[in-house]
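# Architecture at a glance
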Amino acid sequence: MVENDSVTEKKPRIRPIVRLGFFLISHSNYVSLLCFLSGIVALLLLPILANNTYISENALMPGSANSMLSTQHVSHANKFINDLTHSDIESHKTVAQYMSALDAEVTYHKFYPQLNQFHPLHFFTSSDSGIISKNISCSSLGINVAGIIRAPRGDGKEAIVLVTPYNPKKVGPGEALSLGIAYSVFSLLSRVTWLAKDVIWLVADSQYGEYSAVSAWLREYQAPVFHEAEIVNSETCNDSIAISELGQNPYSDRNSYGGFRRAGTMAAALVIKVDEQGNHHEDSLNIYPEASNGQMPNLDLINIVNYLGVHKTGFRIKVKKMFSLLGSRWLNTLGGIFESLGQIARSLNPQWKFGISATEYVEGAATLASSMYSQGLGVPTGSHGAFRDYQVDAITLKISPKDSPTKMIRRNDFILRGGRLIEGVIRSINNLLEKFHQSFFLYLLSSSSKYVSVGVYMIPFALLVAPLPIVAASLHADASKSTLQSTYSSEVEVSHKSWKWLNSARKVLVIHLWGAVVSLLPYFLYQIPNSTPTTNFTVWGILSAFSLIILYFILGSPIFEAAPSQPEKGEWASLKSVTISTAFIGLSLMSVINFATAEIGALLIVPICLMARPLKLDAQARSWRALLRATCNLALGFIAFPPVAYFLVKGAFEDFNGTNVGDYWNWVESLWTWNSATYLYVESVELT
């Protein structure tokens, strides 16, 4: 029997993952539409998927010990409030005298008002510009007063910070009450024996802004910097501060210090504020956790406040909501649908816990929208944001009394409950043997007792951006196929045309360079004296358009084109493929820095990326379908244009009343002040 010498070649077996890739690319339109719609549905399901909060760190043990704050501490706090509001002595001296009487180490911290001037080299380096005004004087000095209680059971390596902002020129009733609550707790902590961490009470001078005062003190505490203006004026301004005048108090001589005093590493910080307006319903406590670039404190810190406020002191705990969504018809209708689906699911199987009530869904959605909106802006919601710049967990607690602070007849009870809440939080933090690490740092709040973790809220984002790489790969394959089919030249020429995408990549790179130019223009606009926000915005827009025209002529010149012939049909597909790829990379990077910004941006950008097509080709097609597509592209491009998107989002979440073009400049200016990555995203991804 003769064997055949020829060996039959077997076709290589295609792996399943490769087959899946071919299927997704060949059906990119349907897959993209399915993924995008699924992402929106998953986003709407987040209030239902929220979990109940819980204390992850067992060492915290909130509420395990009885409160030691008594009515005696409250009476001392009332005396302190009366002296602060009715005494002729300067308020910071009164605060220092009372701190010194408690055997605390008292120091003054001087700081100068700083300019919020945009500088590209200072971006991401500090939470403020660090530029001191040239026209400074002793009268423009801000004075923070800090008192330190050394822990009897501690080693001086850790500290807890209490912050109470106030305006020394006019102490309002709300500020006086917040100082009284902090003083009642501080007076208690100066006598307890269980304290294992030092306690710092910072009375921040907020006449130039709450954040500025706290940030200046933290900068000196963590990394002292000696400014030239500070050295020049140190001698002339020493008399105005008159630290030696504390000697008038018999308790102050041994406790006042001229230099800057420090305690240990900060374990956590609490900013205490009292609302100037009464709540008219009940005593409530509002928690503000958002810091710059969407940073959040450890969830356990919020959980402690929520547990103690609800179960120990009787406060109603609140987090910020988008009240404009509470009355939304479509959201209430959607909540009713989910409630009905939940009832059907429980009727089929009682163990299925899907769905919540329509009211709970609407409130959860409004709270989630507010949490995402606040994180997406990248601007802190209080002076606690200064601590997150140094990786210190901090929140702002804003207590709203039932009655106005100016006519409170139950002040003693209010101070007692507020003081016991702060005492309980400090006692729990005091129990920690290490920094907060057990619970979540990446989360969204749907209420004070419910959260959405990073593993859940990343699913909608992944579904929203999934079409981008699929469509980019499909367009690149189509462009390559059309290039190979349209040429019958030599292999060298075919290879040259297969690298045609580099020309598209060069164009996209130049457009992103234009975005960088636009983002740097405000630095030069700040040199214009006495300019209004409207003027700055108008000049900024004109210069941006002018620079784009210049780049257009450069890109359209023969220098940047391989041949002067008309672009082929496949070239726009290659250009769109590269553009979508860069958009996907930008959104993915932004999701690491600030997820909320990337989520909102994906909702605006992805539809444009999927539907974008040259208007010239649609005009040449002369069909109703092409006309409808061109109209949608123009509408989406208009909506996603950053100034327009800003006004639409602001109008949807807040109100359109009183808005003007200068508001956009003010918003962008706030992003510079807080070094928010949202500014770079808007100019580098959204605009380009």
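Residues numbered from 1 in each chain as written. Predicted model: local features only at pLDDT ≥ 70, side-chain atom pairs only at ≥ 80, totals over all residues. Heavy atoms only, no water.

An unreviewed UniProt entry lists the protein chain under the name Glycosylphosphatidylinositol anchor attachment-like protein, with Medicago truncatula given as the organism.

A separate point is the overall build of the protein chain. Check the secondary structure of the protein chain and you find 26 helices and 14 strands. Split into buried and exposed, the 688 residues of the protein chain put 48% on the buried side. At a minimum sequence separation of 6, the contacts of the protein chain that also span at least 24 residues come to 83%. When the accessible area of the protein chain is evaluated, it comes to approximately 34100 Å², of which 60% is carbon and sulfur surface. (Helix = DSSP H or I, 4+ residues; strand = E, 2+ residues; numbered from the N terminus. Buried < 20%, exposed > 50% of the residue type's maximum accessible area, 1.4 Å probe, protein only. Contact = heavy atoms within 4.5 Å. Areas by Shrake-Rupley, 256 points an atom, 1.4 Å probe, with all protein chains shown as cover.)

With that out of the way, let us pick up the UniProt feature "transmembrane region" (unreviewed entry) in the protein chain. UniProt marks residues 30–50, 454–475, 508–526, 538–560, 580–606 and 627–649 with the feature "transmembrane region" (unreviewed entry), using the numbering shown here. Here residues 627–649 runs as 96% helix and 0% strand, with 28 Å between its end C-alpha atoms. (UniProt positions renumbered as here; feature names shortened; annotations may be inferred.)

Further remarks concern the confidence of the model for the protein chain. On average, residues of the protein chain score 80 in pLDDT, and 81% of them reach the 70 mark or higher. Here residues 127–132 is modelled with pLDDT under 50, and outside its nearest four sequence neighbours on either side it reaches 23 contacts, counting other chains as well. In this model residues 492–496 is a low-confidence stretch, pLDDT under 50, and it forms 3 contacts with partners more than four residues away in sequence or in other chains. (pLDDT = per-residue confidence, 0-100.)

Applying the stated criterion to the full structure yields 4 cavities of 30 Å³ or more. Within this model, the largest cavity holds a volume of roughly 310 Å³. Around the largest cavity, the lining comprises 17 residues; the ones closest to its centre are I600, V649, W667, T678 and V682. Looking at the lining of the largest cavity, the elements that each hand over two or more residues are α12 (358–377), α21 (595–611), α24 (642–653) and α26 (677–686). No other element matches α24, which puts 5 residues into the lining of the largest cavity. When grouped by side-chain class, the residues that make up the lining of the largest cavity number 11 nonpolar, 4 polar and 2 charged. (1 Å grid on protein atoms, 1.4 Å probe; cavity = no way out; pocket = protein on both sides within 12 Å on 5 of 7 lines; lining within 4 Å. Points joined across faces, edges and corners; volume = space filled by probe spheres on them. Nonpolar A, V, L, I, M, F, W, Y, C, P; charged D, E, K, R; others polar.)

As a further point, take the nonpolar core. Of all hydrophobic cores here, the largest spans 76 residues; its most connected members are F387, W540 and Y664. Setting aside chain neighbours within four positions, we find F387 in contact with V161, V163, V214, L218, M266, A269, V392 and A394. In terms of nonpolar packing, the next biggest core, distinct from the first, is built from 72 residues, L69, I160, I181 and V199 among them. (Core = buried A, V, L, I, M, F, W, Y, C linked by side-chain atoms within 4.5 Å.)

Turning next to the environment of V362. Here V362 is to be found in helix α12. Looking at V362, the relative accessible area reads 4%, which means it is buried. A sequence separation of 27 residues divides V362 from G335, and the C-alpha atoms of the two residues are 6.3 Å apart. Residue contacts for V362: discarding those within four places in its chain leaves L325, L326, L331 and N332.

Looking now at the packing of aromatic side chains. Tallied over the full model, the rule gives 17 aromatic pairs. Ring geometry for Y221 and F260: centres 6.4 Å apart, planes at 70°, overall edge-to-face. Taken together, the residues span a long stretch of sequence, with Y221 in helix α7 (residues 210–222) and F260 in the loop between β8 (256–257) and β9 (265–274) at a distance of 39 residues. Relative to F595, the ring of F461 lies with its centre 6.1 Å away and its plane at 75°, an arrangement referred to as edge-to-face. Linking F461 in helix α15 (residues 454–465) with F595 in helix α21, this pair joins segments that are 134 residues apart in sequence. Exposure remark for F461: the relative accessible area of 4% places this residue in the buried category. Note on F595: relative accessible area 7%, which makes it buried. Put simply, the rings of F80, Y98, Y183, F186 and W201 touch in pairs and so form one group of aromatic residues. The ring of F315 has R417 lying over it, and the distance from NZ or CZ to the ring centre is 4.7 Å. (Phe/Tyr/Trp six-rings, centres within 6.5 Å; stacked < 30°, edge-to-face > 60°. Lys NZ or Arg CZ within 6 Å of the ring centre and 35° of its normal.)

Let us now look at helix α25 (residues 661–673). Between its terminal C-alpha atoms α25 stretches 19 Å, which fits the 18 Å expected from 13 residues at 1.5 Å a residue. N675, located one to two residues past α25, shows a positive phi value of around 50°. (Expected span 1.5 Å × (residues − 1).)

Within the fold, S446 resides in strand β13 (residues 443–447). For S446, a relative accessible area of 5% translates into the label buried.

Alternating residues of strand β14 (residues 450–453) divide into K450 and V452 and Y451 and S453, and every residue in both groups is buried. The pairing of strand β1 (residues 51–52) with β14 spans 2 bridges and is classified as antiparallel. In the sheet register, N52 faces β14, and the bridge partner there is K450. (Pairing = 2+ DSSP bridges.)

Considering the arrangement of structural elements, one finds T367 in helix α12. Look at T367 and you get buried, because its relative accessible area is 2%. Polar contacts involving the side chain of T367 include one to the main-chain carbonyl oxygen of E363, which spans 2.8 Å. In this view, T367 contacts V319, K320, K321, L445, S446 and S447; residues no more than four positions away in its chain are not counted. (Polar contact = N/O pair within 3.5 Å; in protein donor to acceptor, adjacent residues only side chain to side chain.)

In this section: the sheet that holds β14. Strand order in the open sheet formed by 3 strands is β1-β14-β13, with antiparallel pairing between adjacent strands. In this open sheet, the two edge strands, each paired with only one partner strand, are β1 and β13. In this structure, β13 lies alongside β14, joined through 4 bridges in antiparallel fashion. Of the residues in β14, the one forming a bridge with L444 is V452. Relative to the sheet, α12 contacts β13 and β14, its axis offset from that of β13 by approximately 145°. (Axes fitted to C-alpha atoms, helices over the stretch in contact; angles between N-to-C directions.)

Quick look at unusual backbone geometry now. Look at M61: it is not a glycine, yet its phi comes out positive at around 45°. Relative to the helices and strands, M61 is located in the loop between β1 and α4 (71–86). Phi is positive for N293, which is not a glycine, with a value near 55°. Structurally, the position occupied by N293 is in the loop between β10 (284–288) and α9 (299–311). Take N293: its relative accessible area is 14%, and that puts it in the buried class.

Take the pattern of salt bridges next. Going through the model one piece at a time under the given rule, you end up with 14 salt bridges. A salt bridge links R417 to D283, with the nearest nitrogen and oxygen atoms 2.6 Å apart. On the criterion of sequence distance, the pair formed by R417 in helix α14 (residues 411–431) and D283 in the loop between β9 and β10 is long-range, its members being 134 residues apart. Taken as a pair, R417 and D283 share a single burial class, namely buried. A network of salt bridges, in which partner residues are shared, links E105, R150, D198 and R261. (Salt bridge = Lys/Arg side-chain N within 4 Å of Asp/Glu carboxyl O.)

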